[in-house]
2 protein chains.
Amino acid sequence: MRQKSVLPLENNKMTDDTAVEKKSIRADALRNEDALLEAAKEIFAASGVDAPVREIAAKAGVGVGTLYRRFPKRSDLVVGVYKREVDACVTAATEFRTRFSPGEALTHWLKRYCQFIVTKKGLAAALYSGDPAFDALPAYFRANFEPTLQSLLQSAAKAGEIRGDIDAYDLLRAIGNLASVGGTEGAEHTHRMLELMIDGLRFGATTR
Amino acid sequence: MRQKSVLPLENNKMTDDTAVEKKSIRADALRNEDALLEAAKEIFAASGVDAPVREIAAKAGVGVGTLYRRFPKRSDLVVGVYKREVDACVTAATEFRTRFSPGEALTHWLKRYCQFIVTKKGLAAALYSGDPAFDALPAYFRANFEPTLQSLLQSAAKAGEIRGDIDAYDLLRAIGNLASVGGTEGAEHTHRMLELMIDGLRFGATTR
DNA sequence: TTGATAAACGGAACGATGTTCCATATCTGC
DNA sequence: GCAGATATGGAACATCGTTCCGTTTATCAA
């Protein structure tokens, strides 16, 4: 029987690069793959993308052989983790939309997005490593985040909760730049600046 | 007796973070330090800043113990190498100035600077690694390159060989961005674009 | 349910690399 | 030239990436 680890992505859209001819993947293999991505996510956040392979395998409760079977190169793991996180962040948007008003949903999602950015130790390092394996990541980010935010912005604007002249990509970039100031207390600083931006969105909501 | 390896920096300005109380450094130690920086420079350019320590020590003709005595952390070596290269690039400017006309000196130096940028495999990776040891590098680059280029530009403009409305920092950034397109044949592309820019500088030299 | 079969697993083992340590070699000042 | 200080080299140990194969486990048909 499936257990709790199945929550993020019922459809396995990110690992089917070798799909189309495989009939079925064993259930334990699926579970392990998920456990590995979850473990890698936490360890990448804590220690960066150069964390020891053994540590990740141990946290996932599998052997290193299993890790290598699923993710032959480290970049495979990194890409898998970050795509999975992007998907989770996008999924959160639809949840926020059902539970909150358009404006509140937008606010919640921006904070969620911000958290995604801040916790990504080593993401920038990976992106600038020169390894072509990461070339597709930025496009994946934008292709998923931009429509999500676009939609949230439109809904909130239509509801009169924010102004309507904000471009989604601009806002994504701006928050990304905001959060790029690292450091221990950088998270708080980023959070304050984000609140400021959100207030800025609200300002002029009615004044068309 | 000193040998050929002493040419770049007679004054040891980049390794005196622990100075002020040391009386004298043994001559062989100085020679080894220079050999290590020279070896590391070439190996970093060829294989990136993650190249094996043993390889660098071997190329320098010393044991790893000697390397670790002088550069306890890898970042020490990286910073040492790049500061040394900045110094060499700045030194080249004064040489060009004595051997060429102001305009030619400027052209030569821009190509020299461009070569500095292009050959820096792994520099970007180091800068974005998040290691605070590299925080001072960008400032060091600008503090040395901007006045150098500024001066070259002024001389060339005063001699009527180029226009006079070019900002040194803008030009440095522009060339840096030009050269950031990596790849094997990227060097040629960068060179062509650089020639274009230089022609752009010349254009309008007399007009106004 | 059970057994055959393929799939997946785990972790020992190996090689490459980072890092330390100290007996030995070399330099410097006298 | 000598003594003491300084620096060296590379063996030795620790850590990590990666491979390999005997063992375990899931799947499915009977």
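Use the structure listed above.
Nothing here was measured: the structure is a model prediction, and the numbers come from that model.

K.L.:
Help me understand the relation of the copies chain B and chain A in this model?
P.N.:
Put simply, the two copies of the chain differ by a rotation about an axis and a shift along that axis. If you rotate chain B by 178° and push it 0.0 Å along the axis, it lands on chain A with an RMSD of 0.1 Å. Expressed as a symmetry operation, the mapping of one chain copy onto the other fits a two-fold axis. For chain B, the residue whose C-alpha comes nearest the rotation axis is Ala125(B), separated from it by 3.0 Å. When the interface residues of chain B are mapped onto chain A, 100% of them again fall at the interface, so both copies present the same face.

K.L.:
Even after reading the chapter, I still don't get the environment of Phe71(A), so can you show me in this structure?
P.N.:
All names here are of chain A. Mapped onto the fold, Phe-71 is located in the loop between helix H3 (64–70) and helix H4 (74–99). Residue classification places Phe-71 among the buried positions, given a relative accessible area of 6%. Through-space distance from the C-alpha of Phe-71 to that of Leu-37 is 9.9 Å; in sequence the pair is 34 residues apart. Setting aside anything within four residues of it in sequence, one finds Phe-71 in contact with Glu-33, Leu-36, Leu-37, Asp-76 and Leu-77.

K.L.:
Explain the pattern of salt bridges here, please?
P.N.:
Any two side chains of opposite charge can pair if their charged atoms end up close together. Residues and elements named next belong to chain B. Evaluated as defined, the whole model comprises 22 salt bridges over all chains. With a closest N to O distance of 2.9 Å, Asp-28 and Arg-26 form a salt bridge. On the basis of relative accessibility, which here comes to 28%, the residue Asp-28 falls in the partly exposed class. Note on Arg-26: relative accessible area 63%, which makes it exposed. The closest approach of N and O atoms between Lys-120 and Glu-85, which form a salt bridge, is 3.4 Å. Taken together, the residues Lys-120 in the loop between helix H5 (102–118) and helix H6 (123–127) and Glu-85 in helix H4 (residues 74–99) connect sequence positions 35 residues apart. Glu-85 carries the same exposure label as Lys-120, and that label is buried.

K.L.:
Help me understand the protein's contact with DNA strand C, please; the structure alone is not making it clear to me.
P.N.:
Surrounding DNA strand C, one finds 24 residues, the nearest of these being Arg26(A), Asn32(A), Arg70(A), Arg54(B) and Arg74(B). Of all atoms in DNA strand C that approach within 4 Å of the protein, 51% are sugar or phosphate atoms. The separation between a phosphate oxygen of DNA strand C and a polar main-chain atom of Ala27(B) is 3.0 Å. Ranked by the residues each element gives to the surface near DNA strand C, the list is headed by H3(A), at five residues. Per-class residue counts for the surface near DNA strand C are nine nonpolar, six polar and nine charged.

K.L.:
I tried to follow the interface of chain B and chain A on my own but got confused; where do I start?
P.N.:
By a frequent convention, interface size equals the accessible area lost on bringing the separate parts together. On the chain A side, the residues contacting the four residues of chain B number four residues. Summing both sides of the interface, chain B and chain A together bury roughly 310 Å²; the carbon and sulfur share of this comes to 72%. Where chain B meets chain A, there are zero salt bridges. Inspection of the chain B/chain A interface yields zero residue pairs in polar contact (both at pLDDT 80 or more).

K.L.:
Hey, could you run me through the packing of H4(A) against helix H5 (residues 102–118) of chain A in this one?
P.N.:
Two quantities define a packed helix pair, namely the angle between the helix axes and the distance between the axes. Residue and element names in this part refer to chain A. Running from N to C, H4 and H5 cross one another at 165°; their axes reach a closest spacing of 9 Å. Of the possible angle classes, the one that applies to H4 and H5 is roughly antiparallel. Note on packing geometry: the crossing formed by H4 with H5 is right-handed. Across the interface between the two elements, Glu-85, Val-86, Ala-88, Cys-89, Ala-92, Ala-93, Phe-96 and Arg-97 of H4 pack against Ala-105, His-108, Trp-109, Arg-112, Tyr-113 and Phe-116 of H5. Split into classes, the residues belonging to the contact of H4 with H5 amount to ten nonpolar, one polar and three charged.

K.L.:
What should I look at first to understand helix H7 (residues 136–158) of chain B in this one?
P.N.:
Structural remark: α-helix, 3.6 residues per turn; residues separated by three or four positions point the same way. All names here are of chain B. Between its terminal C-alpha atoms H7 stretches 34 Å, which fits the 33 Å expected from 23 residues at 1.5 Å a residue. Within H7 the residues assigned to the buried category are Leu-137, Phe-141, Phe-145, Glu-146, Thr-148, Leu-149, Leu-152, Leu-153 and Ala-156. Lining the buried residues of H7 we find H4, H5, H6 and helix H8 (168–179). Count one or two residues on from H7 and you reach Gly-160, which has phi positive near 75°.

K.L.:
Sorry if this is basic, but what is going on with a nonpolar patch on the surface here?
P.N.:
On the surface, Leu127(A), Tyr128(A), Leu127(B) and Tyr128(B) cluster together into a nonpolar patch covering about 330 Å² of accessible area. Turning to its location among the elements, Tyr128(A) is positioned in the loop between helix H6 (123–127) and helix H7 (137–158). Judged by relative accessible area, Tyr128(A) falls into the partly exposed class, the value being 39%.

K.L.:
I keep staring at the protein's contact with DNA strand D and nothing clicks. Help me out?
P.N.:
Near DNA strand D there are 23 residues, and of these Arg54(A), Arg74(A), Arg26(B), Asn32(B) and Arg69(B) occur at the shortest range. Each atom of DNA strand D within 4 Å of the protein was classed as base or backbone; sugar and phosphate made up 54%. Between Asn32(B) and DNA strand D, the recorded distance is 2.4 Å, taken from a side-chain N or O atom to a phosphate oxygen. Mapped by element, the contributors of at least two residues to the surface near DNA strand D are helix H1 (27–47), helix H2 (53–60) and H3 of chain A together with helix H1 (27–47) and helix H3 (64–70) of chain B. In terms of residue count, H3(B) provides more of the surface near DNA strand D than any other element does, five residues in total. Here the residues of the surface near DNA strand D are counted per class, giving nine nonpolar, five polar and nine charged.

Cut-off values and rules
Residues numbered from 1 in each chain as written. Chains lettered and ligands numbered in written order. Predicted model: local features only at pLDDT ≥ 70, side-chain atom pairs only at ≥ 80, totals over all residues. Heavy atoms only, no water. Least-squares fit on C-alpha atoms with pLDDT ≥ 70 in both. Contact = heavy atoms within 4.5 Å. Helix = DSSP H or I, 4+ residues; strand = E, 2+ residues; numbered from the N terminus. Buried < 20%, exposed > 50% of the residue type's maximum accessible area, 1.4 Å probe, protein only. Salt bridge = Lys/Arg side-chain N within 4 Å of Asp/Glu carboxyl O. Near = heavy atom within 4 Å. Polar contact = N/O pair within 3.5 Å; in protein donor to acceptor, adjacent residues only side chain to side chain. Nonpolar A, V, L, I, M, F, W, Y, C, P; charged D, E, K, R; others polar. Buried area = accessible area lost by both parts, 1.4 Å probe. Axes fitted to C-alpha atoms, helices over the stretch in contact; angles between N-to-C directions. Parallel < 35°, antiparallel > 145°, perpendicular 65-115°, else oblique. Left-handed = near helix turned anticlockwise from the far one by under 90°. Expected span 1.5 Å × (residues − 1). Patch = residues over 30% accessible without salt bridge, like charges linked within 9 Å, V, L, I, M, F, W, Y side chains within 5 Å. Areas by Shrake-Rupley, 256 points an atom, 1.4 Å probe, with all protein chains shown as cover.

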